[in-house]
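Structural overview for review
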Amino acid sequence: MKIENINIPLMISGNLIENINLNDNYYRMRIKAPQIARKAKPGQFVMLSMWKNKDPFLKRPFSFYGIESDSGTFDILYKEIGKGTQIMAKSKAGDLVELIGPLGNGFKIPENTNNIAVVARGIGIAALMPLILESKKRGIAIYAFLSAQTGNLLLCSNEINSISEKVFYTTDDGSKGAKGMVTNFLQNVLKEEVIDVVYVCGSKRLTKHIRNLQRKYNFLAFVSLEEHMACGIGACKGCVHKTNDGYKRVCKEGPIFPVEEVIFDD
Amino acid sequence: MTKEVSLEVDLGPLHLKNPIMPASGTFDIRCTLLNQKELNRLGAILPKSIAFQEREGNPGPRICETDCGLLNAVGVPSKGVEYFIKEELPLLKKANNTIIVSLMGNSIPDFCNLAGYLNENKEISALEINLSCPNLNNGILFGVNQDKLYELIFNIKKNTSKPIIAKLSPNVSDIREMALTAKNAGAQIITVANTLMGMAIDVDKQVFRLGNTMGGLSGPAIRPIVVRMIWEIAQSVDIPIIGVGGVYCAENAIEMLLAGASAVQIGSANFFNPHVMLEVIEGIEKYLIKKKYNSIQDIIGLMKN
Ligand SMILES: Cc1cc2nc3c(=O)[nH]c(=O)nc-3n(C[C@H](O)[C@H](O)[C@H](O)COP(=O)(O)OP(=O)(O)OC[C@H]3O[C@@H](n4cnc5c(N)ncnc54)[C@H](O)[C@@H]3O)c2cc1C
Ligand SMILES: Cc1cc2nc3c(=O)[nH]c(=O)nc-3n(C[C@H](O)[C@H](O)[C@H](O)COP(=O)(O)O)c2cc1C
Ligand code: FES
């Protein structure tokens, strides 16, 4: 008999340690939940709620942005967009956080990887940050390609700058770096050298472009996908994305998929 | 906890150690947070509707949160009955000794084949018929047409000796007629009810929020409607009722029992709180003790006209 999930996620309460407004409507939250922090891997996520009375009715999915297993904490980098994230933005140290996690498959870093490229748009950097740190630890060279609407929304650029081989920026308004597609820079790098693995998060357009580059330059590539979720644990079949192999649950078979498996309709 | 009160309920041919079970489609034995002991505490276990053959379900987005609930247009993706028997049933068997299997089909022969196929499986205690399935012939749900509902249940009965639970659709003008029709066709139990049809539109992008355009509304938003339907049926049709819709705490479940339900399923609330079914069982027990009842039977259908 096959049991699909030996690593059963936990449902526990965590404690909000701090909640910091970074700029505009971007925040970073630190949560103490040792059992989850100890099991968390880059690319995985938690379902989270900080609201009572079932309003909103569902928990919200957030990627691990920082994992500190020693102190038993993890960080979330989030953008305030609607009902749930508004409540999160107003929360204070000491508040209780209801959690289910760690969830999803997480990133794979294949053995003998020498260098990687990370491609992030906006808040998409959140999911990639633990991967960047883990790669650094393993001595893997990192090329970062960051894109956002405006310069001040290029999140964590200082930190990424300090640990990456090279960092490329584009912004929609040209306020930092160049205008246009950040993957054009990736293409320039690929013309010169071999990149072992490319990881992308935060933009369907960039992911499609990476798929095109992959056909030409033949590298491994993984994307972190987002879909609306009800349960986050694989039970409701609500979060599917189209793949070459039929619909797959983003919360269970994902959120990380090989780029060549994913089908975008438009 | 020492057992001071009995939570045992009888639904015609079906005897349960307590009235709480998952609602179909909201629980998966292959990815539950409940351990074996906890699974065994449930009154019954009820997996997602299965189809005879593999089917993939609806395109995304499949989920849209609404005020006090959610719309879903999952459709019924299924790996088919053979996979179910080989891979899922053994896990269910280990988890609980009352297994109810929910069936979906798109024609009467389709349902009958499925019921027939499962008839030999001794582990299955009853079959729940998901009447919110469209009939391939005309696209109309079995659950909203009295003649089709009768014909379907009547024919399924010929293919199985297991108790039949008809899971009604609430998208009808008079739920009592549907309950009576199901009973006359041979259903021994009814489940009230499946989701209410709804729709949501993103006004910014001017697109439907669900890939399937329409979806089923579940959650606390629908509970008062379901409580009313349970009560209406309990007043007029002599058939055991399983209530389902928007239950997220013991008080909600007790409300359904008082209205006339003999058992209660919990669906969407599992998403927010995977332990909710266990909490509801404990809560009902506490309520009975506090109110000095010996048995849950004493409160079922207490609310009369
Ligand atoms: C695996 C995964 C990881 C994520 N990681 C992050 C992260 O690290 N940082 C971050 O800021 N955001 C992340 N998101 C997106 C985040 O979940 C949504 O921004 C959040 O749910 C919005 O909730 P809300 O109540 O503020 O918005 P509302 O618009 O009020 O939410 C309404 C409903 O839509 C859902 N929803 C809205 N936007 C999204 C979205 N983009 N993806 C999935 N569901 C959505 C909500 O969960 C809720 O069910 C992630 C999503 C997924 C699936
Ligand atoms: C995601 C989801 C999937 C569902 N799938 C099924 C199904 O396969 N078969 C079925 O009979 N009902 C299905 N339902 C309906 C539930 O079993 C239940 O009748 C309904 O959700 C109302 O209960 P609730 O408010 O407690 O969720 C589904 C509901 C949801 C939310
Ligand atoms: S969110 Fe329920 S299966 Fe993925």
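These numbers were taken from a predicted model, which means no experiment stands behind them.

Okay, the sheet that holds strand β9 (residues 141–148) of chain A next. Residues and elements named next belong to chain A. Reading across the sheet, the six strands line up as β10-β9-β8-β11-β12-β15 and stay open at both edges, with mixed pairing between neighbours. Pairing within the sheet leaves two strands with one partner each, and these edge strands are β10 (166–171) and β15 (256–258). When the angles between neighbouring strand axes are averaged without regard to direction, this sheet yields 15°. In this sheet, β9 lies alongside strand β8 (residues 115–121) in parallel orientation, the contact comprising seven bridges. Each residue of the ladder has a partner; that of V118, found in β9, is A144.

What follows deals with the site of ligand 2. As a structural note, the neighbourhood of ligand 2 is formed by 21 residues, with S24(B), S49(B), K167(B), G246(B) and S268(B) the closest of them. Neighbouring residues of ligand 2 are distributed over chains A and B. For ligand 2, an oxygen atom lies 2.7 Å from a polar atom in the backbone of G219(B). Along the lines of polarity and charge, the residues of the shell around ligand 2 split into five nonpolar, 14 polar and two charged.

For the rest of this paragraph, the subject is helix α2 (residues 83–90) of chain A. Buried residues of α2(A): G84(A), T85(A), M88(A) and A89(A), and no others. Seen from one end, α2(A) has its buried residues packed into an arc of 135°, which puts them on one side.

This paragraph deals with the domain arrangement of chain A. Residue and element names in this part refer to chain A. One can read the domain layout of chain A as domain 1 (10–103) and domain 2 (115–261). Placing the centre of domain 1 and that of domain 2 at their C-alpha centroids yields a distance of 22 Å. Contact with domain 1, which involves 19 residues of that partner, is made by 21 residues of domain 2. Overall, the association of domain 1 and domain 2 removes approximately 1700 Å² of surface from exposure, summing both partners, and the carbon and sulfur fraction of that is 71%. Counting the surface domain 1 buries against domain 2, the share from its top three residues, Y26, Y65 and L77, is 31%. Across the domain 1-domain 2 interface, the total number found is zero salt bridges. Run the count over domain 1 and domain 2 and you get one residue pair in polar contact (both at pLDDT 80 or more). Listing elements by their share of the side of domain 1 that touches domain 2, those giving two or more residues are β3 (45–49), β4 (60–63), β5 (66–68), β6 (73–79) and β7 (96–103). Top contributing element to the side of domain 1 that touches domain 2 by residue count: β6, with three residues. Here the residues of the side of domain 1 that touches domain 2 sort into 13 nonpolar, four polar and two charged.

A few words now on the site of ligand 1. Near ligand 1, the surroundings consist of 20 residues, among which R60(A), P61(A), L77(A), G84(A) and T85(A) are the closest. Each of chains A and B places residues near ligand 1. With respect to ligand 1, the backbone of S63(A) contributes an N or O atom lying 3.0 Å from a nitrogen atom. For ligand 1, an oxygen atom lies 2.9 Å from a polar atom in the backbone of G82(A). Expressed as a share of its isolated accessible area of 830 Å², the protein-covered part of ligand 1 is 86%. Listed by contribution, the elements that provide at least two residues to the shell around ligand 1 are β4, β6 and α2 of chain A. Considering each element in turn, the shell around ligand 1 owes the most residues, four residues, to β4(A). Each residue belonging to the shell around ligand 1 can be placed in one class, and the counts come to nine nonpolar, five polar and six charged.

All names here are of chain B. The positions that UniProt labels "active site" (unreviewed entry) are, in the present scheme, C133. On the secondary structure map, C133 appears in the loop between β7 (124–130) and α4 (146–158). Judged by relative accessible area, which is 1%, C133 ranks as buried.

Right, let's talk about the environment of H241(A) for a bit. All names here are of chain A. Turning to its location among the elements, H241 is positioned in strand β13 (residues 240–243). It is 24 Å that separates the C-alpha atoms of H241 and M181, two residues lying 60 residues apart in sequence. With residues up to four places along the chain from it excluded, the contact list for H241 reads L225, E227, G246, Y247, K248, V250, V262, I263 and F264. Looking at H241, its side chain comes within polar contact range of the main-chain oxygen of I263, at 3.3 Å.

Right, let's talk about the sheet that holds strand β5 (residues 69–72) of chain B for a bit. Residue and element names in this part refer to chain B. Within the open sheet, the four strands sit side by side as β4-β5-β13-β10. Their pairing is antiparallel. Unpaired on one side and paired on the other, β4 (63–66) and β10 (196–199) mark the two borders of the sheet. In this sheet, neighbouring strand axes are inclined to one another by 40° on average, regardless of whether the strands run parallel or antiparallel. Taken together, the four bridges between β4 and β5 define a ladder with antiparallel strand orientation. Note on β5: the bridge partner recorded for E65 is L70.

Turning our attention to the nonpolar core. Core analysis: the biggest nonpolar cluster contains 95 residues, and L103(B), I129(B), L168(B), I190(B) and I284(B) have the highest contact counts within it. I190(B) has contacts with I165(B), A166(B), L168(B), A179(B), A182(B), I233(B), I239(B), P240(B), I241(B) and I242(B), leaving out every residue within four places of it along the chain. Among the nonpolar cores identified, the runner-up in size contains 43 residues, and L190(A), A221(A), C231(A) and C251(A) belong to it.

The next point concerns the environment of G106(A). Residue and element names in this part refer to chain A. Counting through the fold element by element, G106 comes out in the loop between β7 and β8. As for G106 and G254, which are separated by 148 residues in sequence, their C-alpha atoms are 7.6 Å apart. Not counting chain neighbours up to four residues away, the residues in contact with G106 comprise P42, G43, Q44 and I256.

For the rest of this paragraph, the subject is the UniProt feature "binding site: FMN" (unreviewed entry) in chain B. Sites flagged by UniProt as "binding site: FMN" (unreviewed entry) map to S24(B), K48(B), S49(B), N130(B), K167(B), G219(B), G245(B), G246(B), G267(B) and S268(B). Structurally, K48(B) is set in the loop between α1 (36–41) and β4. On the basis of relative accessibility, which here comes to 16%, the residue K48(B) falls in the buried class. With near-sequence residues (within four places) excluded, K48(B) lies in contact with K237(A), S24(B), G25(B), F27(B), V74(B), G75(B), V76(B), P77(B) and S102(B). When you line up the elements, G219(B) lands in the loop between β13 (214–218) and α6 (223–236). Once you skip the residues sitting within four places of it in the chain, G219(B) turns out to touch F57(A), C68(B), G69(B), G245(B), G246(B) and S268(B).

Residue and element names in this part refer to chain A. All chains considered together, the criterion is met by 22 salt bridges over all chains. K248 serves as the salt-bridge partner of D245, at 3.7 Å between the closest nitrogen and oxygen. K248 sits in the buried class, given a relative accessible area of 18%. Note that R249 is salt-bridged to E253, the shortest N-O span being 2.7 Å. Residue R249 is classed as buried on the basis of its relative accessible area of 10%. Note on E253: relative accessible area 31%, which makes it partly exposed. What emerges from the salt-bridge pattern is a single network uniting E18, R28, R30 and D75.

How each quantity is defined
Within every chain, residues take consecutive numbers counted from 1 along the sequence as written. Think of it this way: whatever chain is written first is A, whatever ligand is written first is 1, and the rest follow in order. Only residues with pLDDT of at least 70 get local features here, since the model is predicted, and only at 80 or more are side-chain atom pairs given and counted; chain-wide, interface and lining totals rely on the full set of residues. To get the side-chain values, all heavy atoms of the structure are used, and hydrogens and water are removed first. Pairing between strands requires that DSSP locate at least two bridges from one strand to the other. Secondary structure follows DSSP: runs of H or I at least 4 residues long count as helices, runs of E at least 2 residues long count as strands, and numbering of each begins at the N terminus. Inter-axis angles, ranging from 0 to 180 degrees, are taken between N-to-C directions of lines fitted to C-alpha atoms, where helices are fitted over the stretch in contact. We call a residue near a molecule or strand as soon as one heavy atom of that residue lies within 4 Å of the molecule or strand. Residues adjacent in sequence count toward polar contacts only when both atoms are side-chain atoms; beyond that, a polar contact is any pair of N or O atoms within 3.5 Å, and within protein one must be able to donate a hydrogen and the other to accept it. Nonpolar residues are Ala, Val, Leu, Ile, Met, Phe, Trp, Tyr, Cys and Pro. Charged residues are Asp, Glu, Lys and Arg, and all others, Gly as well, are polar. Throughout, exposure labels follow a simple rule: accessible area from a 1.4 Å probe, protein chains only, divided by the maximum for the residue type, with under 20% read as buried, over 50% as exposed, and the rest as partly exposed. Think of the arc as the fan of directions from the helix axis to the C-beta atoms. Where each domain begins and ends is defined by an automated method or by a domain database. The contact criterion used is simple: two residues touch if any of their non-hydrogen atoms lie within 4.5 Å. Note on definitions: buried area is the accessible-area loss of two parts on being combined, 1.4 Å probe, summed for both. Between Lys or Arg on one side and Asp or Glu on the other, a salt bridge is scored when a side-chain nitrogen of the former is within 4 Å of a carboxyl oxygen of the latter. Only the protein chains shown count as cover for residues, and the accessible areas themselves come from Shrake-Rupley with a 1.4 Å probe. UniProt positions are given in the numbering used here, feature names are shortened, and annotations may be inferred rather than shown by experiment. Throughout, nonpolar core names a set of buried Ala, Val, Leu, Ile, Met, Phe, Trp, Tyr and Cys residues whose side chains join them through atoms within 4.5 Å.

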